Number of protein chains: 2
Amino acid sequence: MNKLYLVGIGPGGEAFMTAQARAAMEKADVLCGYTVYVDLVKGLYPEKEVFTTPMKREIERCRKALEIAQEGKTVAMVCSGDAGVYGMAGPILELLGEYPNVDVEVVPGVTSATSGAAVLGAPLMHDFCVISLSDLLTPMEKIEKRLECAAVGDFVTCIYNPSSKKRSTYLEKACNIFLDAGRSPETVCGWVKNIGREGQESKVLTLKELAKEQVDMFTTVFIGSSATKKLGDKMVTPRGYEAK
Amino acid sequence: MNKLYLVGIGPGGEAFMTAQARAAMEKADVLCGYTVYVDLVKGLYPEKEVFTTPMKREIERCRKALEIAQEGKTVAMVCSGDAGVYGMAGPILELLGEYPNVDVEVVPGVTSATSGAAVLGAPLMHDFCVISLSDLLTPMEKIEKRLECAAVGDFVTCIYNPSSKKRSTYLEKACNIFLDAGRSPETVCGWVKNIGREGQESKVLTLKELAKEQVDMFTTVFIGSSATKKLGDKMVTPRGYEAK
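Predicted model, so just to flag it, every value in this text is computed and none were measured.

A. Inspection of the sheet that holds strand β10 (residues 201-206) of chain A at higher detail. Taken together, the ten strands give an open sheet; going across it, the order is β10(A)-β9(A)-β11(A)-β8(A)-β7(A)-β7(B)-β8(B)-β11(B)-β9(B)-β10(B), and neighbouring strands pair in mixed fashion. Only two strands of the sheet have a single partner each, and these edge strands are β10 of chain A together with β10 (201-206) of chain B. The average undirected angle you get between the axes of adjacent strands in this sheet is 15 degrees. Looking at chain direction, strand β9 (residues 188-193) of chain A and β10 of chain A are connected through six bridges and run antiparallel. The partner of V192 of chain A across the bridge, within β10 of chain A, is S202 of chain A. Sheet strands in contact with helix α6 (residues 140-152) of chain A are β7 (128-132) and β8 (156-160) of chain A, and its direction is about 160 degrees off that of β7 of chain A.

Here it is as structure tokens:
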């Protein structure tokens, strides 16, 4: 069997990569992935063959990686964050049945929910949801229903893909769902842009302010629960509800 | 300012640690933490001073780490998984105001949701919730409400602390909340025990089977969404709802 590693490299540079992720890329003959992510690692392995595809060509990318492995080379498919969170692990496993010589191993990485949380303080200290606002593959009603359930359940909510050119109003819509469900306009929220990369920025703000905020697709957004607090410049959710 | 690093070391051994986590422990004069976690790293740094406290003595542990930093030493507080997910980042930041000489940096790690998901396949490929069944610091009604919202929102749900001696029936209760909300008894679920450590075990099973399963506190449980599938021996959630 030929190995295809699905490697989560974390949010940015080398500092966030696990030893296991490094070892998998080391063993690979070919590094595959979305151009931007492969660019983050190819400097570490200048001698390796690379295969990249632009954004939105995910299925083509997956098939190519599986074909290269099927033909006998060891492949590392490089994903930002964790390969199993809105990454390539799912599509690869769905296609795997067609490539009988390939053995897949998912190498977990630090996903934006936790790397972004670390920048803001400790917003995810208690139960949380992760929701993507991208409606490319998911009907908007499904996304809205989940936002509503996250609001009603008083979860801390981490939002991936909060915006894009075509979806510039989606974050406002999401905030309004929380407000309509009774979450206070003063709820502590935060966002982090370019986590772990050049140009990292972050902000702690209220839900009411977040609804008016312009963020881009490289931003991860955090909506606090009713218990989340601002301590100094940090966003912190207490671990529990009882007095300590 | 003296530095206190909150270091997420991932689920187990060295392979899951990021370069940044290693660098923080390297810089520390003292390694603090729950005995079991410090034992996982002290072999890497045999020369370092260590301070450990047993389970449930978290606040004492945090105060001690802050005191050592306040007095001038660099401290690494070692947490399993990610320090910001049911870890020590919250309590440390809540106490920080009392220790004016200390500067805290959270170093994110691979949390059980994603390291467990990697073992099972790709269960977290779409929107998900993370819920702890521990009612030590959270009223049971709050936990039940969240499980219900996770079920109604058709989230994939990752359950931390699914069981303990005193809570041996809680996982069954959680499964019943999903069943009562209309989630099919055939829903694909999974669990992983001792992720990344000696004795790692995992199983993919149905929701109806999960309700009868005995798991321990070292196990992370995954309840699929209505779209989650079993492919071979893997648990996989498709990325979207539209035909590819």
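B. Quick peek at the pairing of strand β1 (residues 2-8) of chain B. Residue and element names in this part refer to chain B. Taking burial as the measure, the seven residues of β1 include six buried ones, the bulk of the element. In the sheet, β1 pairs with strand β5 (residues 102-107) via six bridges, with the strands oriented parallel. Along β5, the bridge assignment pairs L4 with V104. Strand direction decides the pairing type here: β1 and strand β4 (residues 75-79), joined by five bridges, are parallel. Bridged to G8 within β4 is C79.

C. Representation of the side chain of K48 of chain A. All names here are of chain A. Along the chain, the position of K48 falls in the loop between α2 (35-42) and β3 (49-53). Despite its burial, K48 pairs with no opposite charge; the closest candidate is E47, at 4.3 Å N-O. Looking at K48, its side chain comes within polar contact range of the main-chain oxygen of A28, at 2.6 Å.

D. View of the interface of chain B and chain A. Counting residues at the interface gives 64 residues for chain B, matched by 64 residues for chain A. Here chain B packs against chain A, burying approximately 5500 Å² in sum over the two surfaces, 61% of which is carbon and sulfur. Together, L137, R146 and R239 of chain B form the three largest contributors to the area buried by chain B at its contact with chain A, with a combined 13%. Taken together, the connections running from chain B to chain A amount to six salt bridges. Where chain B packs against chain A, one counts 30 residue pairs in polar contact (both at pLDDT 80 or more). Class assignment for the residues of the side of chain B that touches chain A results in 33 nonpolar, 16 polar and 15 charged. One ladder, built from three bridges, connects β7 of chain A with strand β7 (residues 128-132) of chain B; its direction is antiparallel.

Scoring rules and cut-offs
Residues numbered from 1 in each chain as written. Chains lettered and ligands numbered in written order. Predicted model: local features only at pLDDT ≥ 70, side-chain atom pairs only at ≥ 80, totals over all residues. Heavy atoms only, no water. Pairing = 2+ DSSP bridges. Helix = DSSP H or I, 4+ residues; strand = E, 2+ residues; numbered from the N terminus. Axes fitted to C-alpha atoms, helices over the stretch in contact; angles between N-to-C directions. Contact = heavy atoms within 4.5 Å. Buried < 20%, exposed > 50% of the residue type's maximum accessible area, 1.4 Å probe, protein only. Lys, Arg positive; Asp, Glu negative; His and termini not counted. Salt bridge = Lys/Arg side-chain N within 4 Å of Asp/Glu carboxyl O. Polar contact = N/O pair within 3.5 Å; in protein donor to acceptor, adjacent residues only side chain to side chain. Buried area = accessible area lost by both parts, 1.4 Å probe. Nonpolar A, V, L, I, M, F, W, Y, C, P; charged D, E, K, R; others polar.

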